[in-house]
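These are the residues of each chain, in order.
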Amino acid sequence: MREQKRYSTLKRLLVIAFPMVISQASDTIMLFVDRLFLSRLGEAYLAASMSGGLTQMMLSSLFIGTIGYVTAVVAQYYGAQRKEKCAEATFQAVVLSFLAYPFLLALSPLARYFFIAVGLSQLQVQLAYTYFQTLIFGSIFLVLRFALAGFFIGIGRTKMVMIANAVGMFINIPLNYVLIYGKLGFPAMGLKGAALGTILGNMSIFLILTLFYLRGRNRTEYNTHKALKFRPTIFRTLLKFGIPAGLEMLLNVSAFNLFVQLMHSYGTKVAAAVTIAFNWDIVSFIPMLGMGHAVTALVGQNVGAGDYPEAKRSTYMGLKVAWVYSFTMVIIFVTAAKSLVGVFLPVDDPANSEITSLAIVMVRLAALYIMADSAQLVFVGALRGSGDTRWVMRVSVGLHWAFALIAFLLIKVVKADPVLVWWVFIAVILVMGITMFLRFKGGKWQRTRIIDDAS
């Protein structure tokens, strides 16, 4: 009987998680190829793609985190067999997306001052802001795709998200090539072309998700075409539980962005090395975001149905599956670091020796935290699915900003070697993974439910 339950849990997990991992892999490939194309324009362009892109994500993250929490709300309604509420919750997330966009545009000029404040060179500021400014203009499609994706993840039909993301990837990559380098009669637009390609990719994903959302089965089963009214109670529920998740994402991405920009302030060579290391880091990290989303959905459904033992089984099964992928990445990072760095820069070129040697060290050291990183994604996903968002926010934000302060002191006051700062970064990830595991194991998350506050 126990083995049968484990098999059933694994099957449910894989049905939801596999498409989500593929979906996140599509985002990984888009981001990876985008930076790869820009690396051919020079190290300054490669570094600017990370500075500008990460700052755009930082500014958007409060709304992405809050809106994306609709996944857990939908999942608990689904688990409680209140399907009519799933589409109503999704529409509240769409409303919030449109309310967020003017704030994103109004705050965007602050990015230039941020780049200057952290000590980037004049060239880095100019390039990073060009990339950022174009991306933020199209951010409405980014937040809207999270709103609609939350519906499909919450009800466990993640294949729709996978299809939309895959199509977006196949649109984004050729467009980036054409717009960055100036092909097929288009002018060479460099960083601005890369950002436009990303916007069009996000717009394509949103439009495809909209078509899926409004088509026959969802219309009859969830009344998606009728659930187009503002529901104050559900909207407040989304804000109540979503804002802590959004604040956590905002503050964490801000701390991480500060760390990256401080590393970039060492100069373009260190900036390029850090960008290369993190470009490979996203190959291990972003697909596991898909596993975290899947665990959020499963735990939300189980909590909505009152089945806490199954919620635990789903979480630990998710951890096991995540570690299979993560351990594979550990082996690759350790044994093939030189080849990985060589994808971006010729490692045998003396002109690149400083960049490549530092990047190789960073990639190999990254292998030390990959499994802890995937563990914290799984356990955070489980805690969010139950509604335990405030504790996650406090601890995660505290650790991120403690590290950001240490990084500032090491880089700006002590003038420490970049590798030492990288070691501190590794230590923080390890501590975070252990902390989230202990919170989940403690069981306090079982006392919280989301949909008790909604009609």
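Residues numbered from 1 in each chain as written. Predicted model: local features only at pLDDT ≥ 70, side-chain atom pairs only at ≥ 80, totals over all residues. Heavy atoms only, no water.

Participant: Can you walk me through the overall build of the chain in this structure?
Facilitator: Looking only at helices and strands, the chain has 18 helices and zero strands in total. Each of the three principal axes of the chain carries a C-alpha extent, and together these read 65 × 50 × 35 Å. By residue count, 59% of the 455 residues in the chain fall in the buried class. Looking at the chain alone, contacts between residues at least 24 apart form 84% of all its contacts between residues at least 6 apart. (Helix = DSSP H or I, 4+ residues; strand = E, 2+ residues; numbered from the N terminus. Buried < 20%, exposed > 50% of the residue type's maximum accessible area, 1.4 Å probe, protein only. Contact = heavy atoms within 4.5 Å.)

Participant: Would you explain the packing of helix α2 (residues 43-68) against helix α5 (residues 110-117) in this entry?
Facilitator: Relative orientation and spacing of two packed helices are given, respectively, by the angle between their axes and the distance between those axes. Where α2 meets α5, the axes come as close as 11 Å, and the angle between the chain directions of the two elements is 130°. In this view, α2 runs oblique relative to α5, as classed from their interaxial angle. Where α2 crosses over α5, the two elements pack in a sense that is right-handed. Contacts between α2 and α5 involve S51, G52 and T55 on the former and, on the latter, A111, F114 and F115. In terms of residue class, the contact of α2 with α5 is built from three nonpolar, three polar and no charged. (Axes fitted to C-alpha atoms, helices over the stretch in contact; angles between N-to-C directions. Parallel < 35°, antiparallel > 145°, perpendicular 65-115°, else oblique. Left-handed = near helix turned anticlockwise from the far one by under 90°. Nonpolar A, V, L, I, M, F, W, Y, C, P; charged D, E, K, R; others polar.)

Participant: Got a minute to help me understand a nonpolar patch on the surface in this structure?
Facilitator: Together, F103, L107, L110, Y113 and I116 line one region of the surface with nonpolar side chains, adding up to about 550 Å² of accessible area. Elements with a minimum of two residues in the nonpolar patch: α4 (84-107) and α5. Examining the composition of the nonpolar patch, we find that three residues originate from one element, α5, more than from any other. With respect to the element layout, Y113 can be found in helix α5. Using a relative accessible area of 57% as the deciding quantity, one classes Y113 as exposed. (Patch = residues over 30% accessible without salt bridge, like charges linked within 9 Å, V, L, I, M, F, W, Y side chains within 5 Å. Areas by Shrake-Rupley, 256 points an atom, 1.4 Å probe, with all protein chains shown as cover. Salt bridge = Lys/Arg side-chain N within 4 Å of Asp/Glu carboxyl O.)

Participant: Even after reading the chapter, I still don't get the packing of α2 against helix α11 (residues 232-264), so can you show me in this structure?
Facilitator: One can describe the packing of α2 onto α11 by two numbers: an axis separation of 6 Å at closest approach and a directional angle of 165°. With respect to their mutual orientation, α2 and α11 come out roughly antiparallel. When the axes of α2 and α11 are compared, the crossing they make is left-handed. Among the residues making up the contact of α2 with α11, the classes are represented as 17 nonpolar, eleven polar and no charged.

Participant: Honestly, the pattern of salt bridges in this entry has me stumped. Any pointers?
Facilitator: Two side chains of opposite charge can pair, provided their charged atoms sit close to one another. A full pass over the atoms with the stated rule returns eight salt bridges. Between K83 and E221 there is a salt bridge, with its nearest N and O atoms 2.6 Å apart. A residue pair is termed long-range when its members are at least 10 positions apart, and K83 in the loop between α3 (70-79) and α4 and E221 in helix α10 (residues 216-222) qualify at 138 residues. On the basis of relative accessibility, which here comes to 23%, the residue K83 falls in the partly exposed class. What makes E221 partly exposed here is its relative accessible area of 30%. One salt bridge in this structure joins E248 and R384, with 2.8 Å as the shortest N-O distance.

Participant: What exactly am I supposed to notice about the packing of aromatic side chains here?
Facilitator: For any pair of aromatic rings, the description rests on two quantities: the centre-to-centre distance and the angle between the ring planes. Counted by the stated rule, this structure contains 31 aromatic pairs. Relative to F425, the ring of F278 lies with its centre 5.7 Å away and its plane at 85°, an arrangement referred to as edge-to-face. Pair noted here: F278 is in helix α12 (residues 268-305) and F425 is in helix α18 (residues 418-442), with a separation of 147 residues, a long-range link. On the basis of relative accessibility, which here comes to 2%, the residue F278 falls in the buried class. (Phe/Tyr/Trp six-rings, centres within 6.5 Å; stacked < 30°, edge-to-face > 60°.)

Participant: It is not clear to me how the side chain of T90 should be interpreted in this structure. Could you clarify?
Facilitator: Checked against the element boundaries, T90 lands in helix α4. Residue class for T90 comes out buried when judged on its relative accessible area of 0%. Setting aside chain neighbours within four positions, we find T90 in contact with V70, V74, A147, L148, F151 and Y213.

Participant: What am I meant to see in α4 here?
Facilitator: Residue pairs spaced three or four apart in an α-helix point in one direction, given the helix's 3.6 residues per turn. The first and last C-alpha atoms of α4 sit 36 Å apart over 24 residues, in line with the 34 Å expected at 1.5 Å per residue. The largest bend along α4 measures about 25° and falls at A100, with the proline P102 one to four residues further on. (Expected span 1.5 Å × (residues − 1). Bend = angle between axes of the 7 residues up to and from the residue.)

Participant: Got a minute to help me understand the environment of A128 in this structure?
Facilitator: Considering the arrangement of structural elements, one finds A128 in helix α6 (residues 122-137). Separated by 82 residues in sequence, A128 and L46 place their C-alpha atoms 9.7 Å apart. Among residues more than four places away in sequence, those in contact with A128 are A48, S51, G52 and F115.

Participant: Would you mind going over unusual backbone geometry with me for this structure?
Facilitator: For residues besides glycine, phi is generally negative; the peptide bonds are generally trans as well. Even without a glycine there, the phi angle at L184 is positive, about 55°. Positionally, L184 belongs in the loop between α8 (159-181) and α9 (190-214). Within the chain, N223 stands out as a residue other than glycine whose phi angle is a positive 55°. As for its position among the elements, N223 is in the loop between α10 and α11. The partly exposed category is assigned to N223, whose relative accessible area is 33%.

Participant: Explanation requested: the environment of V283 in the structure shown.
Facilitator: Tracing the chain through its elements places V283 in helix α12. Overall, V283 belongs to the buried group, its relative accessible area being 18%. With 255 residues separating them along the chain, V283 and T28 place their C-alpha atoms 6.2 Å apart. Other than its neighbours up to four places away in sequence, V283 contacts T28, F32, Y325 and M329.

Participant: I'm lost on the environment of R112 in this one. Help?
Facilitator: Residue placement: R112 occurs in helix α5. Taking the C-alpha atoms as reference points, R112 and I199, 87 residues apart in sequence, are found 20 Å from one another. Apart from the residues lying within four places of it in its own chain, the contact partners of R112 are V125 and Y129.

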